[in-house]
Amino acid sequence: MGQRLEALNEHLTRVIDLRRATSVLDWDQEVYMPEEGAEPRSQAQATLTTMAHEIFTSDTTRSLLEAAEAEVADLDFDSNEASTVRVARRHFDQETKLPTAFVTRESKAISRSFMAWRKAREADNFSAFEPHLREVVELQTEKASYLGYTDHPYDALLQQFEPGMTTAQIETLFGDLKAGLVPLVKEIAARPSVDDSFLSLPYDTQKQWDFTLLLLRGIGYDFRRGRQDRAAHPFTTQFGNTDVRVTTRTHETMPQSAIFSTVHEGGHALYELGSPDKFERTLLAGGSTLGLHESQSRLWENQVARSLPFWHYYYPILQAFFPQQLGNVSMTTFHRAINKVEPSLIRVEADEVTYNLHIFVRFELEKSLLTGELKVSEVPEAWNARYKEYLGITPPSDADGCLQDVHWSHGILGYFPTYTLGNLMSAQIYARALQEIPGLEEGYSRGECAPLLNWLREHIHKHGSKFTGPELMQREFGTQISAQPLLAYLRAKYSELYDL
Ligand code: ZN
């Protein structure tokens, strides 16, 4: 490594350490902090975040970055050196393009809108949130102009979460996916409904918890480098590749919630744990874009943990935990129940077939809000019309409709597509794994998940955050992100489950 890049990396370790310290505080806030601890906590978080931002956007960083850029100019795009500098430049531009006065204005508006949204959702009163959403849309339009774009303001916002993807590409991908999904959902809806009533019996939450620990071990999560705790909204957080923590939640009458949220977060964690040591304490450490991260969590959650072979191994164990509830339920009945497809109103509770339809609604509305084609006052109507069209159901209230997600109240537009990109890439990656690993799924029925994990380490995790989604898919699989593998996977799986 050249001297200048070394100087840049050394300088940025302070930013990385400050961010890690902030992450510990965030994690503790969600997991252990007493109710009354919010104020001093947010002060400390604000101080650390500001310090990290000041160091990162300083003139020192700018000149070290420029010097390093000159130094790596002739190196291969894929080299660690060129990649470090490229990733640093991307983050630096993102953080320095927004005027400080704008950032302050935005963060004040967001705290107001978040509080207004919580009340509006509780009272099922969209008009109480409407002026705040209008302000959020105006601010995000302004933000897009600072960040810059050529085709669509949505491009600028999307770049913050999924660099390398454009709005036009997403429109094409979503169009392809929608064309396959909408008829599939209709065909399934015409079949007899699946009985999953046994999943609504009471399941002891401590036993659920013990079972999730066993699942985490089973997929290869390393408890010497992590731990699981309870949180209302499960998440994964990391402090380097030797301390990656997950959270889950248990509902007494919904055991599948803990099971799949644990495996989902476990998938995120395996990605972070697989980040190579040589990237530690640099900007290349850890998982890459949100879409790639979601591809890892979804792959373990859906392709692996919702498959029949996986339950060949785990179902007898689960039955032994819950003999009264599951003793007389066959494995195939259980497998059908955990894969039940049902158009529903709430995105976070959606099954893997209908999930992406929820994303299309949000993507389309966000886009037309930014261009002004859609007025904020028309959001409930436009929302409901699309739910009717894509899912065949109409929300009875805005609380279960356009007020359900927290994202807009936090001023976040351009984020939702990353969920679907993750689903698309998970299917592409898994299809390749099936081709390359002999007997992959038969292995699950003996509790063997290591071959898959090792393969993911070799093809995805080893890159840390060097590449964007499209760059990684091209390098590892010689392909672009596409809708066909996900459609093929869903069509095959659900044709069998629903006898289509
Ligand atoms: Zn996730």
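Model, not experiment: these values are computed from the prediction. (Residues numbered from 1 in each chain as written. Predicted model: local features only at pLDDT ≥ 70, side-chain atom pairs only at ≥ 80, totals over all residues. Heavy atoms only, no water.)

**A few points about the overall build of the protein chain**
For the protein chain, the count of helices and strands is 21 helices and three strands. Taken over the C-alpha trace, the protein chain has a radius of gyration of 23 Å; the compact-globule value for 500 residues is 23 Å, and the two agree within 12%. Taken along its principal axes, the extent of the C-alpha atoms in the protein chain is 70 × 50 × 50 Å. For the protein chain, with 500 residues in total, the buried portion stands at 54%. Long-range pairs, those at least 24 residues apart, make up 71% of the contacts in the protein chain between residues at least 6 apart in sequence. Accessible surface computed for the protein chain: about 21,500 Å², of which carbon and sulfur atoms make up 51%. Of the charged side chains in the protein chain, 49 are positive and 69 negative, and the gap between their average positions amounts to 1 Å. (Helix = DSSP H or I, 4+ residues; strand = E, 2+ residues; numbered from the N terminus. Rg over C-alpha atoms; globule rule 2.2 N^0.38 Å. Buried < 20%, exposed > 50% of the residue type's maximum accessible area, 1.4 Å probe, protein only. Contact = heavy atoms within 4.5 Å. Areas by Shrake-Rupley, 256 points an atom, 1.4 Å probe, with all protein chains shown as cover. Lys, Arg positive; Asp, Glu negative; His and termini not counted. Charge placed at Lys NZ, Arg CZ, Asp CG, Glu CD.)

**What to know about the environment of Thr 418**
With respect to the helices, strands and loops of the structure, Thr 418 is situated in helix H17 (residues 417–436). The exposure class assigned to Thr 418 is buried, which follows from its relative accessible area of 2%. Put simply, Thr 418 and Arg 491 are 73 residues apart on the chain and 22 Å apart in space, counted from C-alpha to C-alpha.

**Here's the deal with the packing of aromatic side chains**
Counted according to the given criterion, the structure contains 25 aromatic pairs. Seen from their ring centres, Trp 311 and Phe 334 are 4.9 Å apart, and the 70 degrees between their planes marks the pair as edge-to-face. Note that Trp 311 is positioned in helix H12 (residues 308–321) and Phe 334 in helix H14 (residues 331–338), a separation of 23 residues in sequence. The pair formed by Trp 311 and Phe 334 is uniform in burial state, with each residue classed as buried. Here Trp 383 and Tyr 387 contribute two aromatic rings whose centre-to-centre distance is 5.4 Å and whose plane-to-plane angle is 15 degrees, an arrangement assigned as stacked. (Phe/Tyr/Trp six-rings, centres within 6.5 Å; stacked < 30°, edge-to-face > 60°.)

**With respect to the domain arrangement of the protein chain**
Size of an interface, as often reported, equals the accessible area lost when the parts are brought together. Partitioning the protein chain into structural domains gives domain 1 (3–125) and domain 2 (167–498). Across the boundary between the two partners, domain 1 contributes 31 residues, which contact 34 residues of domain 2. Buried surface at the junction of domain 1 and domain 2, summed over both partners, amounts to about 2,800 Å²; 59% is from carbon and sulfur atoms. Viewed at the interface, domain 2 and domain 1 are joined by three salt bridges. In this structure, the connection of domain 1 to domain 2 is made through 14 residue pairs in polar contact (both at pLDDT 80 or more). Here the residues of the side of domain 1 that touches domain 2 are counted per class, giving 13 nonpolar, ten polar and eight charged. (Domains from an automatic or database assignment. Buried area = accessible area lost by both parts, 1.4 Å probe. Salt bridge = Lys/Arg side-chain N within 4 Å of Asp/Glu carboxyl O. Polar contact = N/O pair within 3.5 Å; in protein donor to acceptor, adjacent residues only side chain to side chain. Nonpolar A, V, L, I, M, F, W, Y, C, P; charged D, E, K, R; others polar.)

**Concerning the sheet that holds strand S2 (residues 236–238)**
Taken together, three strands build an open sheet; the order of strands is S1-S3-S2 and the sheet is mixed. Every other strand in the sheet has two partners, leaving strand S1 (228–230) and S2 as the edge strands with one partner each. Along the sheet, successive strands turn relative to each other by an average axial angle of 25 degrees, direction set aside. Pairing analysis gives three bridges linking S1 to strand S3 (residues 244–248), with the strands arranged parallel. The partner of Arg 230 across the bridge, within S3, is Thr 248. Each of S1, S2 and S3 touches helix H1 (residues 3–31); the most contacted strand, S1, lies at about 50 degrees to it. On top of the sheet, helix H10 (residues 255–273) reaches S1, S2 and S3; it is set at about 170 degrees to S3, its chief contact. (Pairing = 2+ DSSP bridges. Axes fitted to C-alpha atoms, helices over the stretch in contact; angles between N-to-C directions.)

**Examining the environment of Tyr 355**
Take Tyr 355: it is sitting in helix H15 (residues 355–371). Separated by 68 residues in sequence, Tyr 355 and Asn 423 place their C-alpha atoms 9.5 Å apart. If we skip the residues at most four places from it in the chain, Tyr 355 touches Arg 298, Arg 347, Ala 350, Tyr 419 and Asn 423. In this structure the side chain of Tyr 355 is engaged in a polar contact, spanning 3.0 Å, whose partner is the side chain of Arg 347.

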